[in-house]
Amino acid sequence: MRVGVIGAGPAGMMAAWQAAKHGTRVVLFDSNARPGKKLLITGSGRCNLSNTKCAPERYTCDESDFLSRAWAEFSQADLVNLLGELGIPLYATDDGWYYPLSNSAANVAEILIELLVAAGVEFVPESRVVQISPAGYGFKVYCGNKEKPVYVDSLVVASGGKAYPQTGSDGSLFPIIRGLGHRILPTRPALAPVLLEGGTTSLLKGVRLDAGCMLVKNEKVVESTVGNVIFTEWGMNGPGVMDLSHWIEKPEQEDYRLVVNFLPGKESLLFDFLQQGAQNGLSTRAVLLGLLPEKVVSWAMDGLDIEPNQLAGDLSPEQANTLARKLTSTSLKVLGVKGYSHAQCSTGGVAVSEVNGSTMESKIVPGIFFAGEVLNVNGPCGGYNLHWALTSGRIAGRGAALRGKMSSLD
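Cut-offs applied
Residues numbered from 1 in each chain as written. Predicted model: local features only at pLDDT ≥ 70, side-chain atom pairs only at ≥ 80, totals over all residues. Heavy atoms only, no water. Pairing = 2+ DSSP bridges. Helix = DSSP H or I, 4+ residues; strand = E, 2+ residues; numbered from the N terminus. Axes fitted to C-alpha atoms, helices over the stretch in contact; angles between N-to-C directions. Salt bridge = Lys/Arg side-chain N within 4 Å of Asp/Glu carboxyl O. Buried < 20%, exposed > 50% of the residue type's maximum accessible area, 1.4 Å probe, protein only. 1 Å grid on protein atoms, 1.4 Å probe; cavity = no way out; pocket = protein on both sides within 12 Å on 5 of 7 lines; lining within 4 Å. Points joined across faces, edges and corners; volume = space filled by probe spheres on them. Nonpolar A, V, L, I, M, F, W, Y, C, P; charged D, E, K, R; others polar. Contact = heavy atoms within 4.5 Å. Phe/Tyr/Trp six-rings, centres within 6.5 Å; stacked < 30°, edge-to-face > 60°. Lys, Arg positive; Asp, Glu negative; His and termini not counted. Polar contact = N/O pair within 3.5 Å; in protein donor to acceptor, adjacent residues only side chain to side chain. Parallel < 35°, antiparallel > 145°, perpendicular 65-115°, else oblique. Left-handed = near helix turned anticlockwise from the far one by under 90°. Core = buried A, V, L, I, M, F, W, Y, C linked by side-chain atoms within 4.5 Å.

Before going further, it helps to spend a moment on the sheet that holds strand 7 (residues 122-124). Read from one edge of the open sheet, five strands run 7-2-1-11-20, paired in parallel fashion. Taken across any chain shown, the strands that pair with only one partner, and hence form the sheet edges, are strand 7 and strand 20 (368-370). Strand-to-strand twist of the sheet, defined as the mean angle between neighbouring strand axes without regard to direction, takes the value 20 degrees. Sheet topology note: the strand 11 (residues 154-157)/strand 20 ladder contains three bridges and is parallel.

Below, the discussion takes up the pattern of salt bridges. As enumerated under the stated definition, the model contains nine salt bridges in all. Where Arg69 meets Glu63, a salt bridge forms, and the shortest distance between an N and an O atom there is 2.7 Å. Among the residues examined, Glu63 registers a relative accessible area of 22% and is labelled partly exposed.

This paragraph deals with the pairing of strand 17 (residues 256-261). Counting buried positions along strand 17 yields five of six residues, so the element is predominantly enclosed. Note that strand 14 (residues 208-217) and strand 17 share six bridges and pair antiparallel. Following the sheet pairing, Leu215 is matched in strand 17 by Leu258. Here strand 17 pairs with strand 18 (residues 330-337) via four bridges, running antiparallel. Across the sheet, the residue bridging to Val259 is Ser331, located in strand 18.

To continue, consider the layout of surface pockets. Vacant regions in the atomic arrangement are exposed by a probe of water-molecule size rolled over the atoms. Taken as a whole, the second largest pocket encloses approximately 310 Å³ of empty space. Lining the second largest pocket are 16 residues, with Arg188, His246, Trp247, Thr347 and Asn376 sitting closest to its centre. No other element matches strand 12 (residues 184-190), which puts four residues into the lining of the second largest pocket. Taken together, the residues of the lining of the second largest pocket break down into six nonpolar, seven polar and three charged.

Now for the environment of Leu116. If you trace the backbone, Leu116 turns up in helix 4 (residues 105-118). Separated by 88 residues in the primary sequence, Leu116 and Leu28 place their C-alpha atoms 9.6 Å from one another. Excluding anything up to four places from it in sequence, Leu116 contacts Met13, Ala16, Trp17, Leu28 and Val121.

We now examine the packing of aromatic side chains. Under the defined criterion, the tally for this structure stands at seven aromatic pairs. With centroids separated by 6.0 Å and ring planes inclined at 70 degrees, the aromatic side chains of Phe66 and Trp388 adopt a geometry described as edge-to-face. Linking Phe66 in helix 2 (residues 64-73) with Trp388 in helix 12 (residues 384-401), this pair joins segments that are 322 residues apart in sequence. Among the residues examined, Phe66 registers a relative accessible area of 0% and is labelled buried. Judged by relative accessible area, Trp388 falls into the buried class, the value being 2%. Their ring planes at 0 degrees and their centres at 6.4 Å tell us that Trp71 and Trp388 sit as a pair that is stacked. In this pair, Trp71 sits in helix 2 while Trp388 sits in helix 12, placing the two residues 317 residues apart along the sequence. The burial state of Trp71 is the same as that of Trp388; both residues are buried.

What follows concerns the side chain of Glu361. Structurally, Glu361 is set in the loop between strand 19 (345-350) and strand 20. Arg403 is the oppositely charged side chain nearest to the buried, salt-bridge-free Glu361, at an N-O distance of 4.4 Å. Looking at Glu361, its side chain comes within polar contact range of the main-chain nitrogen of Gly367, at 2.8 Å. Look past the residues within four positions of Glu361 in its chain and what remains in contact with it is Glu354, Val355, Asn356, Pro366, Gly367, Ile368, Phe369 and Arg403.

What follows deals with the packing of helix 1 (residues 10-21) against helix 4. Interhelical geometry of helix 1 versus helix 4 gives an angle of 30 degrees and a closest axis separation of 9 Å. One element, helix 1, and the other, helix 4, form an angle in the roughly parallel class. Considering only the axes of helix 1 and helix 4, their crossing is left-handed. The segment helix 1 lies against helix 4, with Met13, Ala16 and Trp17 engaging Ala109, Leu112, Ile113, Leu115 and Leu116. Tallied by class, residues from the contact of helix 1 with helix 4 come to eight nonpolar, no polar and no charged.

Before going further, it helps to spend a moment on the packing of helix 8 (residues 267-280) against helix 11 (residues 317-328). Between helix 8 and helix 11, the least distance of the axes is 10 Å, while the angle of their chain directions is 145 degrees. Like other packed secondary-structure pairs, helix 8 and helix 11 cross with a definite hand, here right-handed. Each of Glu267, Leu270, Phe271 and Leu274 in helix 8 lies in contact with helix 11, whose residues at this interface are Ala320, Asn321, Ala324, Leu327 and Thr328. Considering only residue class, the contact of helix 8 with helix 11 consists of six nonpolar, two polar and one charged.

All right, on to the nonpolar core then. As a rule of thumb, soluble globular proteins bury nonpolar side chains together. Counting 79 residues, the largest nonpolar core has Leu375 and Trp388 as the members making the most contacts within it. Ranked by size, the runner-up nonpolar core spans 45 residues in total, among them Leu215, Val241, Val334 and Cys381.

One non-glycine residue with positive phi stands out, namely Cys47, at about 75 degrees. Examined against the element boundaries, Cys47 turns out to sit in the loop between strand 2 (25-29) and strand 3 (50-51). We classify Cys47 as buried; its relative accessible area is 0%. Phi is positive for Lys250, which is not a glycine, with a value near 55 degrees. Relative to the assigned elements, Lys250 resides in the loop between helix 7 (239-242) and strand 17.

Function-wise, these values are silent; they only describe arrangement.
Here it is in structure tokens:
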């Protein structure tokens, strides 16, 4: 029994190791010279591997029950325990983001590579797959730099989506998968910085804080988040706004606006502070400095007919309400999102409605399994997508090794 795995990212590495641990010969194809290239940049080099809140309802995909079946096979706790057993113990931050104790993506990649070597996985580097052909019970895998195809009995496709094409994840396998009969859903950048119109963000350049962000399309609310954001000269970055980016489709044809709240959950504090500041003889500016960064305070007061040293007690009700609206519901026109090179993942890909969530096996082409970003599964920032890569890789690798004799997980 021979299993082929296309893609040596997190999903592919996990799938290859899992298949090998079930006693099969495994050949791992990748366009890079060394496995784990995409893993190295995760979590800003710290490797955000999972999240305490990882659950099916935190993701979006094209079939609601698909992820529930996957979680039934291999849960969030199962993954944390497995990584610990493999020599990659994790710890969770206060906000639930799981990192390795080493805080090093490079260390995690090196450990996984050694596990693959110890399991006897054959790595075929710098080999881009250009054709997959069914051949009897299995498949022939053709690489652009090889004269002869490689025959495998089962095949795991973990080639990624279109995010970070500089790592080799460029979507080039999608036409090949479509040629096998699968439906490929349109891709878009996800978890990407958002481009905004106007000078507001340039005035706030460099400001980093937790904010509420609400995406509005044609005057209807699409989705909202609360999280950390960073203002730049071209727009906004950070989890709080990146989690909304996959909803932005054809911004040149639709009216998208981002409504920003600088005081999420603390809106009433503004009026309380203004009242207290009036009693203490403070200026409006001094009151705001107790709540927000200086750049936000200067921006908020700009253009509101409020003098820099105007006392809080001298603010009219209209001035106070106008100030509150600016700080809690500033509306900015969305121009689009930064492209795949700046996106942490991409939406679209293989429709999960055509894949068995319990095994990751194709319902269209028996013997082909999928894992990771190649599937139409998208989660928010915070380790969700790397968790999905490892979880689906675990399920797919096992499924490919036990093809035809699947049983419940050990």
